[in-house]
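# Chains, contacts and geometry: an overview
One-letter residues, chain by chain:
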Amino acid sequence: MMKKFLLSFLLFVCCFTLTLQSHATVMPDTSEIREGIRFSECVRPYNGGVLIANYGSQHKMPGIDEIKGYILYRKNGQTKTLIPPGLLHYPSGIAVKDDYLFVCDGDHLRVYNLQQPEKAPQTITFPKPYWLKAAAIDGNTLYVSSDNVGQIFTLDITHPENMNRVQPKKWLELQGVKCMAVGNGVMYITAPPENGPDTE
């Protein structure tokens, strides 16, 4: 159980690789990736590379009939489609434990085995009107947020290969959660300013 959480009002998050030099100002080493990306919602490190979730739609918000979401994997300067279009509709928040990828996809949580990404994922369906947006992992606990209702859930992912009987549990009520990250016992959350001042 998370002992602390920190609200942040940054709606845009950049990830940089920092190159440290003695007696010099720390400067970010940045690069831009465009290959194969269409309306990317989230990235996560995996096995020396990075997973990139994409809507793949014609517009920022996919239409009801657009099932074009996909997951890219980029490593050593090469990008490949790890999970092609065909099932994912709104792949937004993603999180990884070992070789299992958890994807927030509308009112579904998809669980892929990254060693066999071609296989159909396990699916946990959330009751309407919950709409999943963000995901983060702390040990054997997965946190997923529903930004339209304002609820963060927890799921036990001790055995990610068998999620059939796992039920989400309500953990925290908070409106508009867009992204979550966990580090050193602290959860960092991006949310709109109407949630009030920073809280620890």
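Residues numbered from 1 in each chain as written. Predicted model: local features only at pLDDT ≥ 70, side-chain atom pairs only at ≥ 80, totals over all residues. Heavy atoms only, no water.

## Description of the packing of aromatic side chains
- Evaluated as defined, the whole model comprises six aromatic pairs.
- Each ring, one from Tyr130 and one from Phe153, has its centre 5.0 Å from the other, and the planes form 90°; the classification is edge-to-face. Separated by 23 residues along the polypeptide, Tyr130 in the loop between strand 11 (122-125) and strand 12 (132-138) and Phe153 in strand 14 (residues 151-156) bring together distant segments of the chain.
- Under the relative-accessibility criterion, Tyr130 is labelled buried at 12%.
- Through successive ring pairs, a cluster of aromatic residues spans Tyr55, Tyr90 and Trp131. (Phe/Tyr/Trp six-rings, centres within 6.5 Å; stacked < 30°, edge-to-face > 60°. Helix = DSSP H or I, 4+ residues; strand = E, 2+ residues; numbered from the N terminus. Buried < 20%, exposed > 50% of the residue type's maximum accessible area, 1.4 Å probe, protein only.)

## Thoughts on the nonpolar core
- Phe102, Leu109, Phe126, Leu142, Val144, Leu155 and Met163 are the most contacted members of the largest nonpolar core, which has 18 residues in total.
- The element that contributes the greatest number of residues to this core is strand 9 (residues 100-105), accounting for three residues.
- If near-sequence neighbours (up to four positions away) are discounted, Leu142 is found in contact with Ala95, Phe102, Leu109, Ala135, Ala136, Ile137, Phe153, Thr154, Leu155 and Ile157.
- By size, the runner-up hydrophobic cluster in this structure holds 14 residues, among which are Tyr46, Leu51, Ile71 and Tyr112. (Core = buried A, V, L, I, M, F, W, Y, C linked by side-chain atoms within 4.5 Å. Contact = heavy atoms within 4.5 Å.)

## Topic: the pattern of salt bridges
- A full pass over the atoms with the stated rule returns five salt bridges.
- A salt bridge links Asp107 to Lys128, with the nearest nitrogen and oxygen atoms 2.9 Å apart. Residue Asp107 is found in the loop between strand 9 and strand 10 (108-113), and its partner Lys128 is found in the loop between strand 11 and strand 12; the two are separated by 21 residues along the sequence.
- By relative accessible area, which is 69% here, Lys128 ends up exposed. (Salt bridge = Lys/Arg side-chain N within 4 Å of Asp/Glu carboxyl O.)

## Details of the sheet that holds strand 6 (residues 70-75)
- The strand order across the open sheet built from four strands is 4-5-6-7, with neighbouring strands paired in antiparallel fashion. Of all strands in the sheet, those with a lone pairing partner are strand 4 (40-46) and strand 7 (78-83), marking the two edges. Put simply, the sheet's adjacent strands are angled 25° from each other on average, direction ignored.
- Of the pairings in the sheet, the one linking strand 4 to strand 5 (residues 49-54) comprises six bridges and is antiparallel in character. (Pairing = 2+ DSSP bridges. Axes fitted to C-alpha atoms, helices over the stretch in contact; angles between N-to-C directions.)

## Things to note about the sheet that holds strand 9
- On the basis of which strands lie adjacent, the open sheet formed by four strands has the order 8-9-10-11 and antiparallel pairing. Both edges of this open sheet fall to strand 8 (91-97) and strand 11, since each of them pairs with a single strand only. Ignoring which end each strand starts from, the neighbouring axes of this sheet average 20° apart.
- Two strands pair when backbone bridges link them, and strand 9 and strand 10 are joined in this way by six bridges, in the antiparallel orientation.

## Some thoughts on the confidence of the model for the chain
- In this model, the chain carries a mean pLDDT of 84, and residues with pLDDT of at least 70 account for 84%.
- Within the model, the stretch residues 1-23 combines pLDDT values under 50 with 54 contacts to residues more than four positions away or in other chains. (pLDDT = per-residue confidence, 0-100.)

## Examining unusual backbone geometry
- Note the cis peptide between Lys128 and Pro129, where omega equals 10°.
- Tracing the chain through its elements places Pro129 in the loop between strand 11 and strand 12.
- A positive phi is found at Phe39, a non-glycine position, where the angle reads about 55°.
- Relative to the helices and strands, Phe39 resides in the loop between strand 3 (27-29) and strand 4.
- The residue Asn47 is not glycine, and still its phi comes out positive at about 50°.
- Within the element layout of this structure, Asn47 appears in the loop between strand 4 and strand 5.

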